[in-house]
Amino acid sequence: MMTRARPIDPDKLAEDLKAGKRAALARAITLVESRKADHRHQAHRLIQSVLPLTGKALRVGITGVPGVGKSTTIDMLGSNLTAAGHKVAVLAVDPSSTRTGGSILGDKTRMAQLAVDPNAFIRPSPSAGTLGGVAAKTRETMLLCEAAGFDVILVETVGIGQSETTVADMVDFFLVLMLPGAGDELQGIKKGVLEIADMIAVNKAEGEGAMRARSAASDYRAALHILAPRSPTWTPPVITISGLANEGLDHLWEQIGIYRERMQASGEWKEKRSRQQVAWMWDMLQQRMMMTLKSSSRTAERLQALEAEVRDGRTAVSLAVDELADLMGLKE
Ligand code: GDP
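Here's what I pulled together on the structure shown here.

About the criteria used
Residues numbered from 1 in each chain as written. Predicted model: local features only at pLDDT ≥ 70, side-chain atom pairs only at ≥ 80, totals over all residues. Heavy atoms only, no water. 1 Å grid on protein atoms, 1.4 Å probe; cavity = no way out; pocket = protein on both sides within 12 Å on 5 of 7 lines; lining within 4 Å. Points joined across faces, edges and corners; volume = space filled by probe spheres on them. Helix = DSSP H or I, 4+ residues; strand = E, 2+ residues; numbered from the N terminus. Nonpolar A, V, L, I, M, F, W, Y, C, P; charged D, E, K, R; others polar. Buried < 20%, exposed > 50% of the residue type's maximum accessible area, 1.4 Å probe, protein only. Pairing = 2+ DSSP bridges. Right-handed = clockwise from strand over helix to strand, strands pointing away. Near = heavy atom within 4 Å. Polar contact = N/O pair within 3.5 Å; in protein donor to acceptor, adjacent residues only side chain to side chain. Areas by Shrake-Rupley, 256 points an atom, 1.4 Å probe, with all protein chains shown as cover. Axes fitted to C-alpha atoms, helices over the stretch in contact; angles between N-to-C directions. Phe/Tyr/Trp six-rings, centres within 6.5 Å; stacked < 30°, edge-to-face > 60°. Lys NZ or Arg CZ within 6 Å of the ring centre and 35° of its normal. Core = buried A, V, L, I, M, F, W, Y, C linked by side-chain atoms within 4.5 Å. Contact = heavy atoms within 4.5 Å.

**As for the layout of surface pockets**
Approximately 870 Å³ is the volume attributed to the largest pocket. Considering the residues around the largest pocket, the lining is formed by 39 residues, among which Glu-195, Ile-196, Asp-198, Arg-230 and Lys-272 are closest to the centre. Within the residue set of the lining of the largest pocket, elements represented by two or more residues are α7 (131-147), α8 (163-168), α10 (191-196), α11 (209-225), α12 (249-266) and α13 (268-295). Ranked by residue count, the leading element in the lining of the largest pocket is α13, at ten residues. When the residues that make up the lining of the largest pocket are grouped by side-chain class, the tally is 20 nonpolar, eight polar and eleven charged.

**Structural notes on the pairing of strand β6 (residues 199-202)**
With burial as the criterion, each face of β6 is covered, one bearing Met-199 and Ala-201 and the other bearing Ile-200 and Val-202. Pairing geometry for strand β5 (residues 173-178) and β6, over four bridges, is parallel. Bridge pairing links Leu-175 to Met-199 in β6. Note: β6 against strand β7 (residues 238-240), three bridges, orientation parallel. Paired with Ala-201 across the strands is Ile-239, a residue of β7. Once the chain exits β6 it traverses α11 before rejoining the sheet at β7, and the crossover so formed is right-handed.

**Some remarks on the site of the ligand**
In the vicinity of the ligand lie 15 residues, with Gly-67, Lys-70, Thr-72, Arg-110 and Glu-206 positioned nearest. Contact distances for the ligand include 2.7 Å between an oxygen atom and a side-chain N or O atom of Arg-110. One of the backbone N or O atoms of Leu-244 is found 3.1 Å from an oxygen atom in the ligand. Burial of the ligand by the protein amounts to 70% of the accessible area it has alone, namely 580 Å². Split into classes, the residues belonging to the shell around the ligand amount to four nonpolar, seven polar and four charged.

**Things to note about the sheet that holds β7**
The strand order across the open sheet built from seven strands is β3-β2-β4-β1-β5-β6-β7, with neighbouring strands paired in parallel fashion. Looking along the sheet, the strands with just one partner apiece sit at the ends: β3 (120-122) and β7. Mean inter-strand twist for the sheet, computed between neighbouring axes without regard to direction, equals 25 degrees. In this structure, strand β2 (residues 88-93) lies alongside β3, joined through three bridges in parallel fashion. Bridge pairing in β3 links Val-90 to Ile-122.

**Side note on the packing of aromatic side chains**
The tally for this structure, following the rule as stated, stands at five aromatic pairs. Ring centres 6.1 Å apart and planes at 50 degrees place the aromatic pair Phe-121 and Phe-150 in the tilted group. With a gap of 29 residues between them, Phe-121 in strand β3 and Phe-150 in the loop between α7 and β4 (152-157) connect regions that are remote in the sequence. For the pair formed by Phe-121 and Phe-150, the shared burial category is buried. Each residue in the set Phe-173, Trp-234, Tyr-259 and Trp-269 is aromatic and connected to the rest through ring pairs, giving one cluster. Looking at Lys-87, its charged tip hangs above the ring of Phe-150, at a distance of 4.6 Å from the centre.

**Here's the deal with the nonpolar core**
The biggest cluster of nonpolar side chains holds 53 residues, and the ones touching the most others in it are Leu-25, Leu-144, Ile-153 and Ile-200. At eight residues, α7 tops the list of elements feeding residues into this core. Beyond its immediate chain neighbours, meaning those up to four positions away, Leu-144 contacts Leu-17, Leu-25, Ala-28, Ile-29, Val-32, Leu-46 and Ile-47. Counting 31 residues, the second-largest nonpolar core is a separate cluster that includes Val-68, Ile-74, Leu-77 and Leu-154.

Interpretation in functional terms is not warranted from these geometric data alone.
Pasting the structure below:
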């Protein structure tokens, strides 16, 4: 039987959201994730109306290969933070989850303590196909969580393709978890991830793992050292932690606090946020234009035909682009 969805009252939803009601937050996120045009419209109005309440959280991205201990560490760190009075939201960016049906990041079962913590909110990755789509929804979800009073946002991602850079571009601080084991791992890591790390934490450093983790840490330190510094204010530290044994997580959080203080004092904090906002606008605009191009009746059909002609070498790329731009009303 078809069930009719309850009509959404955006003003009521905004009010409940501001009051920190979890059900309202969940509904608002569902609205943001919806692909229906009228839902999108309502979602955008909702975000606009709660905008003054956003931007106050500390936004931290966390990455690392599968098995490094992301969910274990987030579960423990998040629990430490809620115990200290914070409200913690855990979001995830995993564009692969829809295609592979594989590990959906942010899955509640992977974070047993936080999943039942009244001061924590866990949301798995939105299942929109492209990385751009997933990221856009996660950004909006982040704002909704902030409006609902969450003051720490942890965004988890796995090191697939561009997802790390994308997450680094939506957070204040980007944490990279590494495995101990040095040597071999060091050769395997992508240089790109070191370039965007604000801190490296070598996990599984408890007990007998401590020595190996320390040795890996000094290798990573050396690897970071040869990169050009990104900020005059901050040199990414390399620390050792155990997410499982809750060792080093206080130190980890302290470092993030120091980062915030220094970057705020130097003005880089605000500058980074502004830059991210503007980049987000361009991202969204680009996506919107691509969507229009692919779905509008004026261009969609011609687009396919021109693609075939370009594929066969019958039409020059530049000419095809000219024609499509004309169809979109983009006269030079
Ligand atoms: P994820 O795939 O990055 O989310 O990794 P998980 O958090 O699921 O952890 C993968 C495995 O490593 C699990 O068996 C964890 O129990 C284990 N693990 C995670 N953190 C630690 C740690 O600090 N020390 C040890 N010894 N094992 C850990």
